[in-house]
Amino acid sequence: MKQWFAAVLCVCLLCLCGCEADPDVILQNDASVSESVSAADPEGSSAADDDSGYAGMSSAEETASGNAISEGDDSAMICAYICGAVQNPGVYELPDSARVYQLVEMAGGLTADADEQSVNLARLLEDGEMVWIPTEEESAAGVTAPQQATDSVSSEAAGEDSGKVNINTADVSELTTLNGIGETKAAAIVAWREEHGSFQSIEEIMLVSGIAEGTYEKIREYITV
């Protein structure tokens, strides 16, 4: 009986020992798993690293796209000539949306004796335009710009041939020769032209303050652009 009890006890002890995990075996298994992971992913990138890498690629693509847009948005350029009472008269290249004051700045600014009030500094420039800044003395004496004087002569010659006044080039004295146009309206025509540029058609003269349809009907056969 004692022998039988001893045999049963040995069997139980053997079973209990077989159910416990061997620590050395566990450590070896963990090391094997780590080596397998390292072999599969040699750089050891994580989900966060993947996200940051994707973000970096997007940023580079956006930068390249932005450069392409910037290169395609070059503004058209114009050339304008400025002379008279400025520090550095000459021809300058500007964006087609430039105004007179920007041309003045490129020319180094006005001189001390410049008549700033004689020029609309906010007016848009046109390609090939000449801007003349008179001195206060020249304005008081009624001196006109060289190009304006040339235009007046050309206008007079054209008037002799066609019998019409060119409202884009005529000065105040020439405009007053038209029926119904006095000095005030003539000055308004010149001021409108300096602010908005040349008239594109004779009908546009009605855009000038003080020149209604009735006045236009009187002069339309005698004017040209």
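The coordinates are above.
Residues numbered from 1 in each chain as written. Predicted model: local features only at pLDDT ≥ 70, side-chain atom pairs only at ≥ 80, totals over all residues. Heavy atoms only, no water.

Undergrad: For this particular structure, what's the right way to read the overall build of the protein chain?
TA: Helix and strand counts for the protein chain come out as nine helices and five strands. Along its sequence from the N terminus, the protein chain presents helices and strands in the succession α-α-α-β-β-α-β-α-α-β-α-α-α-β. Split into buried and exposed, the 225 residues of the protein chain put 24% on the buried side. Put simply, 40% of the contacts in the protein chain that link residues at least 6 apart link residues at least 24 apart. (Helix = DSSP H or I, 4+ residues; strand = E, 2+ residues; numbered from the N terminus. Buried < 20%, exposed > 50% of the residue type's maximum accessible area, 1.4 Å probe, protein only. Contact = heavy atoms within 4.5 Å.)

Undergrad: Would you take a moment to explain the side chain of glutamate 129 for this structure?
TA: Mapped onto the fold, glutamate 129 is located in strand β3 (residues 129-133). Only 2.6 Å separates the side chain of glutamate 129 from the side chain of arginine 123, close enough to count as a polar contact. (Polar contact = N/O pair within 3.5 Å; in protein donor to acceptor, adjacent residues only side chain to side chain.)

Undergrad: Quick question: what am I supposed to make of the packing of aromatic side chains here?
TA: Two numbers describe a pair of aromatic rings. These are the distance of the centres and the angle of the planes. Across all of its chains, the model carries one aromatic pair by this definition. Ring geometry for tryptophan 192 versus phenylalanine 199: centroids 4.5 Å apart, planes at 5°, classification stacked. Phenylalanine 199 shares its class with tryptophan 192; the two are buried. (Phe/Tyr/Trp six-rings, centres within 6.5 Å; stacked < 30°, edge-to-face > 60°.)

Undergrad: Got a minute to help me understand the pattern of salt bridges in this structure?
TA: Think of it this way: side chains of opposite charge can pair up when their charged atoms draw near. Counted according to the given criterion, the structure contains two salt bridges. Taking the shortest distance from any N to any O, the salt bridge between arginine 123 and glutamate 129 comes out at 2.6 Å. Residue classification places arginine 123 among the buried positions, given a relative accessible area of 12%. Looking at glutamate 129, the relative accessible area reads 13%, which means it is buried. When the shortest N-O distance is used, the salt bridge between arginine 220 and glutamate 217 registers 2.9 Å. (Salt bridge = Lys/Arg side-chain N within 4 Å of Asp/Glu carboxyl O.)

Undergrad: When you look at the nonpolar core in this model, what are you seeing that I'm missing?
TA: Nonpolar side chains in soluble globular proteins tend to end up buried together. With 18 residues, the main nonpolar core has Leu175, Leu178, Ile181, Ile189, Ile205, Val208 and Ile223 as its most contacted residues. For this core, the secondary structure elements donating two or more residues are α8 (183-196) and α9 (213-219). Tallying contributions element by element places α8 first for this core, with four residues. (Core = buried A, V, L, I, M, F, W, Y, C linked by side-chain atoms within 4.5 Å.)

Undergrad: How should the environment of valine 91 be read in this particular structure?
TA: Position of valine 91 relative to the elements: it lies in strand β2 (residues 90-95). Residues valine 91 and tyrosine 81, spaced ten residues apart in sequence, show a C-alpha to C-alpha distance of 4.2 Å. Ignoring sequence-local partners within four residues, the contact set of valine 91 consists of Cys79, Ala80 and Tyr81.

Undergrad: Explain the pairing of β2 here, please?
TA: For a regular strand, side chains alternate in direction, first toward one face of the sheet and then toward the other. When strand β1 (residues 77-84) meets β2, the two strands line up antiparallel, connected through six bridges. From the neighbouring strand, tyrosine 81 faces β2, where its bridge partner is valine 91. Hairpin geometry of β1 and β2 is characterised by an intervening segment of five residues between the two adjacent antiparallel strands. (Pairing = 2+ DSSP bridges.)

Everything listed is a geometric property; what it means functionally is a separate question.
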